[in-house]
Amino acid sequence: MLRMPLKISRKALAITSLIGVIIITLASLFALPKLTTQYSLKQFLPKDNALLKLDEKSRQTFQLSEVQPFIITAKVNKDNGDWFNQSKISDLEQLTDLVSNFPGVRTALSLATVQGAISNENGLSVGPLLKNVPVQNWKSETLANPIIAPTLISKDGKTASIIVSINRLNTHELTALRQNLQVTAAAALPFADVQLGGTPAVQTDVGQLLQTELRNFVVLGFVACFIVLALIFSNFSPLIISFIVIVCANILVVAVMALVGLPFSILSTTIPILTTVDVVSLCIHTLLRYAEEKKAAPEKSHEDLVMTTLKAILKPNMIASLTTMIGFLSLLTTNVPLIREYGVTAAISIITGWIVTTILLFPLLLFLKGPQAREWAWAKARWGLYLFRRSGLWTMGIIIVSLGLALKGHSLSWSARLFDDLPQNHQVRLSTETIDRELGGMIPVDIEIAGSQDSWNDPKLIERLDALSADLRQTKGIGSVVSLPDLVAAASFQHSRLPASRSSTAEIFFLYSLSNESPLKNFLNADSSKTRVSVRTQDLPGNELHDLVQVVREKTEKAFPGMGVQVTGMGSTIHSLNNDLSHELIFGFWQSMLAIVVVLVFVFKSLRWSLVACIPNLVPPAALLGFLAISETPIKPSVAIIFSIALGLAFNNTVYLLSRLRVMQKNTKSGNLDIEKALWLEGNPCLISSLTLLAGFSVFMASYFAMNRIFGFYMLLSMLAGLVGDLILLPTMLKSCPWLLGPLRFKKEKVMATAASILLAIVVISAPIKLWAQGLPTAETLGKEMSSRISTKDETFIAEMKIIEADGSSKERQMQIWRMSPSKKDHSMMVRMLKPADLKGTALLATMKNDKEDKWIYLPSSKQVRRLTGENSKGGILGSELSAEDFDFNRDSSATTTVKKEMEVKGAKFYLVESDVSANSPNYSKIVSYVSAKEFLPIKAECFDKQSKLVKTIDFGDYKKLPGGKFRAGSIKIRNVQNKRGTDITLSDIKINQNLKASKFNPKALADD
């Protein structure tokens, strides 16, 4: 009778939770139409990168559109000759004029409409080039003109293009325009094979393929997981339970994405699969635990078995989901929006899947018939007996193989191509290949050559640039080159190809100015001090393109010594940025590992257990490094993210196995480890859940995109390696070395196994670190490292100040200081004197907002607050050499900062960092800092005045570590090299991030003792 209310309570709670989840799921369906798909070549590019800013500056200088054009390619069908006849050119002209009037189109250019200036006996003709040239001369005139061939017509005359420049359009408008262009072009040119290419075409086509692929992934993922479930269980209730949980979890995950504005990208198409396999894995572990509990206590009621199962499995399921989520959250450290969004989306998927599974398993298990596992599924993992007979051999063998693979991983391939992810034989891929092969290449590289004002009016410079352009056209890998001499030659009305005098050059420039859309602005800036050479290369492997860009740079610098040469454009930036990002993502594996270790310390209440849990999970990254190197798979960010993702998934089996072992250890008085029993109980559930993951991720092998196929393959490889690490290396290692988790006793194998494990960790660590350390860190990377250790919103401290005058005399002060910096342009500091006694209570307030500094002083003798006016804003605090700006640990990030070099001083390594702060500092033009390469803390700073002369040096020492991982120097020495004064400061009682209020920093607060 006493249990009856409890039963009613359980059932009522179960019904309530089931109805609640179903209602929320149904309501979520209304959010699904808001979901969008998105694809862009720039999605993998970091924000606010110095290279990209340089690229943007060059585009602004030469008025280049940021929006890439559509490119219609039309190849004349076999037996139809080439494009050089009046009928075909007439059709091409009509199509070009028609397309130019489409909504969203800015201009359209083709061979039939390209403008030119022709000089003949009748005078100077300006207009469509082919209308001013006899038909018999079309071929010779156009193919010899670098502006036209091979950009608008291939060298064999069979493939023509229409370059359709567009306005900035949204996804819907872009898709509609793409369809209109395709249909119209195909109808207008029936004698040619018409394709649509260019970056917008890639973007729209891939977006549509993502939608198709998403549907395919959902269906195939369901099928793969249900096949595995059917092999495990002999009745239908597990299938029904899993189906309901999968559907609800996926709908809720997608709804959350739609509501928070997270689109489906080429990466996040993996989310439905990830959600499905994660949910099925949790279900399998729970349902098999139910079968185990039922076998162990057949007399228990179904309801009691359900409650016992859910109680036992709750913590392991939560920890497994948490470690997986951490692997994805490590992607938030990157500065790439796409990857950060993917990390957030995947984390949402994992946590939502766990919540939905945990809530729904209670009512579904309670009201449906208990799962009946097939004999092989719930049987003990007796295959482990064979491993235990030769545990030492297995342990050493796996470690040796992992070491070999990790060492091989030092030679990774960085030869990725930009467009090799596009689906084979798809229209957009074929068009891209046509442009790359026949129409001058797909990858833009821009050379900017800078001289003094009116430099490029000089015919001699134009002649040298013409020679350089001719040389570059002969360079292997370059498809086309267009430069200022080509425009000058095209408009020349002199007898020679290039003008012979400055006056002739000026006349040609004036001629171009008469055009509504003068191409000259894209190659010459307003004061004729800078010119641009437009180079397009073929889609080469990343390392080859890097070498080619270097060759282009060297040839240009050799041709124009003494002038500024700058290389920008996609070809010069994208591979280098992708490689840097890939280094960062591979290195980010260790961030995930560290975060998981911290979590496991709290879970197992033991640092030793959490560290041992990491050892088998070094096998997947070692295997990934080795196989990536052996197969020479080009490294891309989409491949590099596998390291962090795989780690989170690999820890799942470790968590279940060690959680079971921990419970068993606590239930024994001796504290000894029963490795065999733990593996017998957890071996098959871990193996089965891993098979589910393998089945789910195998769906990616059917993807349209090479990126997803490669992702799927290496995810399968990492999970297989994880199985080896968790179900072979971990149990055999613990069998051979029980002291790792049990009572510590000295044995010879202890030293051997420990050394082997440490060696494995060092080798695996060294691979990504070596990759990351191939060059100097970027200013952005170094700035983030320093900021994470130094920047605070506010702080308070006691300062002992010694002011040293030029003659050597000194005076000492003790004061309490409060500082607050709510924004980059808003700084406040209050100083209240403590010693000497005659100054005690005197207070100073200094505020700086938008470079305007105000000061107030409080005099305790008269109890008055006075504003300080007419002072030099560059003055120091209390007559010292310390200014408010020197305490600005949140220095404005708009300063241009460069990491100059790495140097060694007295055995310690430093980065030499130079910051141009002239635009945002009232006192300084630049600051040169010496930053510790080990701790990423500033050791010394040299400040230069507005005349670029050294004015002040600041030395930081005796660093103290504060809460939140922040650091503060305990001593600061400031020396003014111009007035020979100095200030020594010792800081104590430092408190940071105390949530100081703005009311603390106003004149009224000065009088508050």
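Here the structure is a predicted model, which is why all the values come from computation and not from measurement. Within each chain, residue numbers correspond to sequence positions counted from 1 in written order. A pLDDT threshold of at least 70 governs which residues receive local features in this predicted model, and a stricter bar of 80 or more applies before side-chain atom pairs are shown or counted, although totals over entire chains, interfaces and linings include all residues. With hydrogens and water excluded, all non-hydrogen atoms of the structure serve as input to the side-chain values.

Q: Requested: an account of the pairing of strand 9 (residues 530-537), with residues and values cited.
A: For every residue, the accessible area (1.4 Å probe, protein chains only) is compared with the maximum for its type, and the residue is labelled buried under 20%, exposed over 50%, or partly exposed between those bounds. Going along the chain from the N terminus, every DSSP run of H or I of four or more residues is numbered as a helix, and every run of E of two or more is numbered as a strand. Strand 9 sits mainly inside the fold: seven of its eight residues count as buried. Pairing of strand 8 (residues 478-482) with strand 9, which is carried by four bridges, proceeds in the antiparallel orientation. Across the sheet, residue Ile478 finds its bridge partner in strand 9, namely Thr537. Two strands make a pair as long as DSSP finds a minimum of two bridges between them.

Q: Outline the sheet that holds strand 1 (residues 70-76), supporting the account with residue identities and numerical values.
A: The strand order across the open sheet formed by four strands is 2-5-1-6, and the pairing between neighbours is antiparallel. Here the strands that pair on one side only, and so sit at the sheet edges, are strand 2 (105-110) and strand 6 (192-197). Put simply, the sheet's adjacent strands are angled 15° from each other on average, direction ignored. By the bridge criterion, six bridges tie strand 1 to strand 5 (residues 159-166) in an arrangement that is antiparallel. Its bridge partner being in strand 5, Ile72 is matched across the sheet by Ile162. The axes used here are C-alpha line fits, helices contributing only the stretch in contact, and every angle between their N-to-C directions lies in the interval 0 to 180 degrees.

Q: An account of the packing of aromatic side chains is requested, with residue identities and associated values reported.
A: Side-chain rings of Phe, Tyr and Trp, where Trp is taken by its six-membered ring, are said to pair if the distance between their centres is within 6.5 Å; with planes under 30 degrees apart they count as stacked, over 60 as edge-to-face, and otherwise as tilted. Tallied over the full model, the rule gives five aromatic pairs. Look at Phe226 and Phe243: their rings are 6.2 Å apart centre to centre, the planes differ by 45°, and that puts the pair in the tilted class. Of this pair, Phe226 sits in helix 6 (residues 199-232) while Phe243 sits in helix 7 (residues 237-260); the two residues are 17 residues apart in sequence, bridging distant segments of the chain. On the basis of relative accessible area, Phe226 is assigned to the buried category, the value being 18%. We classify Phe243 as partly exposed; its relative accessible area is 43%. Seen in terms of ring centroids, Trp456 and Phe560 are 5.5 Å apart; in terms of plane orientation they differ by 65°. Their pairing is edge-to-face. One end of the pair, Trp456, is in the loop between strand 7 (443-450) and helix 15 (459-473); the other, Phe560, is in the loop between helix 18 (542-559) and strand 10 (564-568), with 104 residues separating them in the sequence. Summarising the burial analysis for this pair, Trp456 and Phe560 share the class buried. Over the ring of Phe191 we find Lys88, and its NZ or CZ is 5.7 Å from the ring centre. Throughout this description, the term charge over a ring refers to an Arg CZ or Lys NZ atom that lies within 6 Å of the ring centre and within 35 degrees of the ring normal.

Q: Before we move on, could you go through the sheet that holds strand 10 and cite the residues and values that matter?
A: In space, the four strands of this open sheet follow the order 8-9-7-10, with antiparallel pairing throughout. Of all strands in the sheet, those bounded by a partner on one side alone are strand 8 and strand 10. For this sheet the average axis-to-axis angle between neighbouring strands, irrespective of direction, equals 20°. Every residue pair with non-hydrogen atoms within 4.5 Å of one another is taken to be in contact. On the sheet, helix 15 packs against strand 7, strand 8 and strand 9 and is oriented at approximately 165° with respect to strand 8.

Q: Before we move on, could you go through the nonpolar core and cite the residues and values that matter?
A: Note on terminology: a nonpolar core comprises buried Ala, Val, Leu, Ile, Met, Phe, Trp, Tyr and Cys residues joined through side-chain atoms within 4.5 Å. One finds Leu658, Leu661, Phe697, Phe711 and Leu734 to be the most contacted residues of the largest nonpolar core, which totals 139 residues. When residues of this core are assigned to their parent elements, the largest contribution, 15 residues, is made by helix 10 (residues 337-367). Discounting chain neighbours no more than four positions away, the residues touching Phe711 are Thr270, Tyr342, Ser638, Ile641, Ile642, Ile645, Phe697 and Phe700. Core analysis: the second largest hydrophobic core is formed by 87 residues, Leu129, Ile166, Leu181 and Leu465 among them.

Q: Before we move on, can you summarise the side chain of Ser349 with the specific residues and values?
A: One can find Ser349 in helix 10. When neighbours within four sequence positions are excluded, Ser349 is seen to be in contact with Val253, Ile271, Leu274 and Thr275.

Q: I'd love a proper account of a nonpolar patch on the surface, names of residues and values included.
A: Residues enter patches when they are more than 30% accessible in relative terms and free of salt bridges; like-charged ones are connected within 9 Å and nonpolar ones (Val, Leu, Ile, Met, Phe, Trp, Tyr) within 5 Å. The protein chains shown are the only cover counted for residues, whose accessible areas, like all others here, come from Shrake-Rupley with a 1.4 Å probe. The term salt bridge refers to a pairing of a side-chain nitrogen on Lys or Arg with a carboxyl oxygen on Asp or Glu at a separation within 4 Å. Side chains of Val219, Val223, Ile227, Leu231 and Trp376 sit close together on the surface and give an oily, nonpolar patch of about 490 Å² of accessible area. If one sorts the elements of the nonpolar patch by residue count, helix 6 sits on top with four residues.

Q: Which residues make up the packing of helix 15 against helix 18, and what values do they have?
A: One way to put it is that helix 15 packs onto helix 18 with a least axis distance of 10 Å and a crossing angle of 155°. The angle between the axes of helix 15 and helix 18 places the two elements in the roughly antiparallel class. Every pair of crossing elements has a handedness; the one defined by helix 15 and helix 18 is right-handed. Contacts between helix 15 and helix 18 involve Arg464, Leu468, Asp471 and Leu472 from the former and Val552, Lys555, Thr556 and Ala559 from the latter. Any angle from 65 to 115 degrees is called roughly perpendicular, while one under 35 is roughly parallel, one over 145 is roughly antiparallel, and all others are oblique. What makes a crossing left-handed is the near helix being turned counterclockwise from the far one by less than a right angle; a clockwise turn instead makes it right-handed.

None of this, on its own, says anything about what the molecule does.
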